[in-house]
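Structural overview
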Amino acid sequence: MKHFRFSFIFTFICLGLSAWWGFTHGPEAGLNTMFKALLITAILAVMEVSLSFDNAVVNASVLRHWDEFWKTIFLTVGILIAVFGMRLIFPLLIVGVTADMSMVEVAKLALNDPKSYSEKLMAHHAEIAAFGGLFLLLVFLNFLFDDEKDTHWFHWLEHKLANLANVPAMSVFIALIALLIMVGAVEGETKLVVTIAGIWGIVVYVGVKALGHLLESTSGDDEEKASSDVSGNVVKAGIGGFLYLEVLDASFSFDGVIGAFAITNDVVIIMLGLAIGAMFVRSMTIFLVEKGTLEAYIFLEHGAHYAIGALAVIMLFSGTGVHVPEVVTGLIGVAFIVWAVISSIQYKKSEAGQA
């Protein structure tokens, strides 16, 4: 429980703020609105955790190679970026840039006219889905196309796909095909902005990966370099790894923020609910690292990456106007994680039997 102690304290604080907000703000402020705000905040928190559990597993696969300094940075600066940057400021920034409004004007709009604010944000869902979907798709593809990966969950599939790692830029090639398919399905006036957003998703992924390799190549510690080479994604420590985790979290948060507006238009309630979920994801990450869960359940990281791949496909489809309920999105991720845990237990029993 020590890993989740601060998360529970943070939850009670956020629920208290949610109750105060519902009791004192809005035309229907009062006890009924307060209890409604508490319920919605709790629902959003559970939704965020279910959508981002696979994010915690991937975070743990990166974080377990870090020293205590960068773990502390991830849990302090990282959580501030995750909660206030991606769950509050970034949606405001999107509306401000696209509607040519200042951040102050957008903040007032979000607080005083949340319906108009949500409509302006949802109007750009396709671009958000293109950016986040392609970034997550590259995370999944580069996990599959890794010829240095010794453990295969679906051996018949992963072993053959690992051979494609020898083909230069294979993952980027597939990501571009996915972008072309998505662009072909969106409306004419949004094709250009969706294309640009998708290309930015690819550029940011490759850029973070390049930065990681640059930092790794300039390091004189061979042991650190060896321990940081996991899945061939980015250097797993230092600035490169931190940026990688923050962009990964941002890609996950897009789906959570958009889904939250299907439940409520109140930006304060959305931020509080998603913040609780983000804090528990951080706590789960540290729990997985310190308990050695990834080593104990050998296919858990595989299940998380397959869940990321499924989320990427869902995001790309949602950008074309296909609505996938948030419950389905969350359950797919949970299903892959549970499946991976069961497979890991069976594998361990099989290995023990052979021994």
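Our subject in this report is the structure included herewith.

**Examining the overall build of the chain**
Along the backbone of the chain there are 15 helices and 0 strands. Burial statistics for the chain: of 355 residues in total, 52% are counted as buried. For the chain, the share of sequence-separated contacts (at least 6 apart) that also reach a separation of at least 24 residues comes to 79%.

**Comments concerning the packing of aromatic side chains**
Tallying each qualifying case throughout the model produces 16 aromatic pairs. For the ring pair tryptophan 153 and phenylalanine 299, a centre distance of 6.4 Å and an interplane angle of 20 degrees mean the geometry is stacked. Taken together, the positions of tryptophan 153 in the loop between α6 (125-144) and α7 (155-162) and phenylalanine 299 in the loop between α13 (293-296) and α14 (300-319) put the pair 146 residues apart, joining distant regions of the chain. The buried category is assigned to phenylalanine 299, whose relative accessible area is 6%. Joined through ring pairs, the aromatic side chains of Phe140, Trp153, Phe154, Phe299, Tyr306, Phe336, Trp339 and Tyr347 make up one cluster.

**Describing the side chain of serine 318**
Looking at the element boundaries, serine 318 is found in helix α14. When its relative accessible area of 14% is taken as the criterion, serine 318 is described as buried. The contact partners of serine 318, leaving out residues within four places of it in the chain, are His125 and Ala129.

**Focus: the environment of phenylalanine 35**
On the secondary structure map, phenylalanine 35 appears in helix α2 (residues 31-63). In this structure, the C-alpha to C-alpha distance between phenylalanine 35 and alanine 19, residues 16 residues apart in sequence, is 6.9 Å.

**Some details on the nonpolar core**
Within the largest apolar cluster, 60 residues are counted, with the highest numbers of intra-cluster contacts made by Trp66, Leu134, Leu136 and Leu137. By residue number, the principal contributor to this core is α6, which donates 12 residues. Trp21, Ala56, Ile270 and Ala278 belong to the second largest nonpolar core, which has 39 residues in total.

**Structural notes on the side chain of histidine 305**
Relative to the elements of secondary structure, histidine 305 occurs in helix α14. Only 2.9 Å separates the side chain of histidine 305 from the backbone oxygen of glutamate 301, close enough to count as a polar contact. Contact partners of histidine 305, with chain neighbours within four places excluded, come to Val58, Val139, Phe140 and Phe143.

**Points about helix α8 (residues 170-185)**
For α8, spanning 16 residues, the distance from its first C-alpha to its last is 23 Å, which sits close to the expected 22 Å at 1.5 Å a residue. Considered for burial, the residues of α8 that qualify are Met170, Ser171, Ala175, Ala178, Leu179, Met182 and Val183.

**Observations concerning the packing of α2 against helix α12 (residues 267-290)**
Between α2 and α12, the least distance of the axes is 6 Å, while the angle of their chain directions is 30 degrees. Judged by the sense of rotation from one axis to the other, the crossing of α2 with α12 is right-handed. For the contact of α2 with α12, the class distribution of residues is 23 nonpolar, 7 polar and 1 charged.

**Regarding the packing of α2 against α14**
Where α2 meets α14, the axes come as close as 8 Å, and the angle between the chain directions of the two elements is 130 degrees. One way to sum up the angle between α2 and α14 is to call them oblique. Of the two possible hands of crossing, α2 and α14 adopt the one that is left-handed. Contacts between α2 and α14 involve Asp54, Val57, Val58 and Ser61 from the former and Leu300, Glu301, Ala304, His305, Ala307 and Ile308 from the latter. A per-class count over the contact of α2 with α14 returns 6 nonpolar, 2 polar and 2 charged.

Rules used in this analysis
Residues numbered from 1 in each chain as written. Predicted model: local features only at pLDDT ≥ 70, side-chain atom pairs only at ≥ 80, totals over all residues. Heavy atoms only, no water. Helix = DSSP H or I, 4+ residues; strand = E, 2+ residues; numbered from the N terminus. Buried < 20%, exposed > 50% of the residue type's maximum accessible area, 1.4 Å probe, protein only. Contact = heavy atoms within 4.5 Å. Phe/Tyr/Trp six-rings, centres within 6.5 Å; stacked < 30°, edge-to-face > 60°. Core = buried A, V, L, I, M, F, W, Y, C linked by side-chain atoms within 4.5 Å. Polar contact = N/O pair within 3.5 Å; in protein donor to acceptor, adjacent residues only side chain to side chain. Expected span 1.5 Å × (residues − 1). Axes fitted to C-alpha atoms, helices over the stretch in contact; angles between N-to-C directions. Left-handed = near helix turned anticlockwise from the far one by under 90°. Nonpolar A, V, L, I, M, F, W, Y, C, P; charged D, E, K, R; others polar. Parallel < 35°, antiparallel > 145°, perpendicular 65-115°, else oblique.

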